[in-house]
Amino acid sequence: MATAELNFLAELNYFLPSNKRHVSFPHEFKGRTSIKDIIESLGVPHPEVDAILVNGESVDFSYIVQDRDRVTVCPISVLDEINPTIRVSPPEPQEYRFVLDIHLGKLANALRLLGFDTLYRNDYADPELARVSADEQRILLTRDTRLLMRSQVIYGYYVRSKNPDEQIIEVLRRFNLFDAILPFHRCIRCNGVLLPVEKDAIADQLPEGTRQSIDEFHRCQACEQIYWQGSHFERMQQFIEQVMAAQPQPDDS
C-alpha cells in the first residue's frame, strides 16, 4: 500500500470531511492511480480544481501518484499565490453561458433577469446536462458533486448556498460577472432575447388597462412573451439594485 500526503487549499476544503480540512493528511492508495482519481475519490469535483503541485512542481490530472508524494490541490482563488506552470482548469470562456440542474430553478430565473444566457429545464437528466455543458461550452451549475465529476464536464461550479438570493451573489462573485449584468435582456420564461416592439403590433394581446397606461414594450424573440413595466417591475428593479450593491469593491479584503 502506497501513501501520499495531500493538502487542499482554500474553498476546496468545503468538500472534505472536517478532519481533513485545512491540514495535510495521509492518503493510502493501491496500484497505478491518477491524481484526478484520488482528488475525486475524496469528494472534490475536477472542475473546482485550478492547479496541482506534486513535490512543489506543477502537474496535470493525468499524473500518476507515487508513494510519498506531497500533493497540494489549489482552486482558482489562490492562483496568484501559487503561480503554477500548469493549470488544469480550461481557459476562461469567451462568453459566460450557463446550464443549471433541476435544483436551481430560482437561480436560473435570476441569471436570466440579469441578462445571462441560461439554460434550465426541470426534466434535465444528468447525462444530458453534462453533454449540453460540454457541447456548448456552458458552465454547469449544480448542487450535485457527482454530476460535476462526470468526465464530459469541462466548465462547472458547485453552488454552495441553498438560499437563492445568496446563490446569485455567489455565482456573480465566483465568475466576476457584475460588470456583465444586462438587466431585462432575456426572457425569464425561456431564455430568449428581448427586443423592443411597437405597441400597435401587440395591442390586441394586451389587457385593457395596460394598453391605456403603458407605451413601452419588449417581446421575446423565441416564445413571443410580452414584457412591460407593470406592478412587478419595481420589485425586480429592487432585486437588481440589491445584487449590484453586493459587488466587491477594489479595497475589499
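What counts, and at which threshold
- Residues numbered from 1 in each chain as written.
- Predicted model: local features only at pLDDT ≥ 70, side-chain atom pairs only at ≥ 80, totals over all residues.
- Heavy atoms only, no water.
- Helix = DSSP H or I, 4+ residues; strand = E, 2+ residues; numbered from the N terminus.
- Buried < 20%, exposed > 50% of the residue type's maximum accessible area, 1.4 Å probe, protein only.
- Contact = heavy atoms within 4.5 Å.
- Areas by Shrake-Rupley, 256 points an atom, 1.4 Å probe, with all protein chains shown as cover.
- Lys, Arg positive; Asp, Glu negative; His and termini not counted.
- Charge placed at Lys NZ, Arg CZ, Asp CG, Glu CD.
- Pairing = 2+ DSSP bridges.
- Core = buried A, V, L, I, M, F, W, Y, C linked by side-chain atoms within 4.5 Å.
- Axes fitted to C-alpha atoms, helices over the stretch in contact; angles between N-to-C directions.
- Salt bridge = Lys/Arg side-chain N within 4 Å of Asp/Glu carboxyl O.

Draft legend 1. Region of interest: the overall build of the protein chain. The helix and strand inventory of the protein chain stands at nine helices and 12 strands. When burial is assessed residue by residue, the protein chain has 45% of its 253 residues classed as buried. A separation threshold of at least 6 residues defines the contact pool for the protein chain, and within that pool the share at least 24 residues apart is 59%. Here the protein chain has roughly 13900 Å² of accessible surface; of this, 45% comes from carbon and sulfur atoms. Separation of charge centres in the protein chain, based on 27 positive and 38 negative side chains, amounts to 6 Å.

Draft legend 2. Quick look at the pairing of strand β3 (residues 51–54). Neither face of β3 is open: one carries A51 and L53, the other I52 and V54, and all of them are buried. The sheet contact formed by β3 and strand β4 (residues 57–59) spans three bridges and is antiparallel. When the sheet's bridge partners are listed, L53 is paired in β4 with S58.

Draft legend 3. Main features of the nonpolar core. Core analysis: the largest hydrophobic core is formed by 34 residues, its most contacted members being L6, F8, I39, V44, V49 and I52. By residue number, the principal contributor to this core is strand β1 (residues 2–8), which donates four residues. Contacts of F8, omitting those with residues within four sequence positions, involve N13, L16, F25, I39, L42, V44 and V73.

Draft legend 4. Highlighting unusual backbone geometry. In this structure, N55 takes a positive phi of about 55 degrees despite not being glycine. Here N55 is to be found in the loop between β3 and β4. A positive phi is found at F184, a non-glycine position, where the angle reads about 60 degrees. Relative to the helices and strands, F184 resides in the loop between α6 (164–174) and β10 (194–197). Accessibility expressed as a relative area gives 27% for F184, which makes it partly exposed.

Draft legend 5. Examining the environment of L177 more closely. Within the fold, L177 resides in the loop between α6 and β10. The class for L177 is buried, based on a relative accessible area of 2%. Separated by 61 residues in the primary sequence, L177 and F116 have C-alpha atoms spaced 9.5 Å apart. In this structure, L177 is in contact with Y96, F98, F116 and L172, ignoring residues within four places of it in sequence.

Draft legend 6. View of the sheet that holds strand β8 (residues 139–142). Pairing in this open sheet of four strands is parallel, and the strands run β7-β6-β8-β9 from one edge to the other. Looking at strand neighbours, the two that pair on one side only are β7 (118–120) and β9 (156–158), the edges of this open sheet. Between one strand and the next, the sheet's axes are offset by a mean angle of 20 degrees, whatever the strand orientation. In the sheet, strand β6 (residues 98–100) pairs with β7 via three bridges, with the strands oriented parallel.

Draft legend 7. Spatial organisation of the sheet that holds strand β11 (residues 217–220). If you walk across this open sheet you meet the three strands as β10-β11-β12, and the pairing is antiparallel. Unpaired on one side and paired on the other, β10 and β12 (226–227) mark the two borders of the sheet. Here β10 pairs with β11 via four bridges, running antiparallel. From the neighbouring strand, L195 faces β11, where its bridge partner is R219.

Draft legend 8. Examining the pattern of salt bridges more closely. Counted by the stated rule, this structure contains 12 salt bridges. One salt bridge in this structure joins R160 and E48, with 2.9 Å as the shortest N-O distance. Here E48 lies in the loop between α1 (35–41) and β3 and R160 lies in the loop between β9 and α6, a separation of 112 residues in the sequence. E48 carries the same exposure label as R160, and that label is buried. The salt bridge involving R87 is made with D50; its shortest N-O contact spans 2.8 Å. Of this pair, R87 sits in the loop between α2 (79–82) and β6 while D50 sits in the loop between α1 and β3, and the two are 37 residues apart along the sequence. Residues joined by salt bridges that share partners form a network here, namely R97, D117, E136, R138 and R186.

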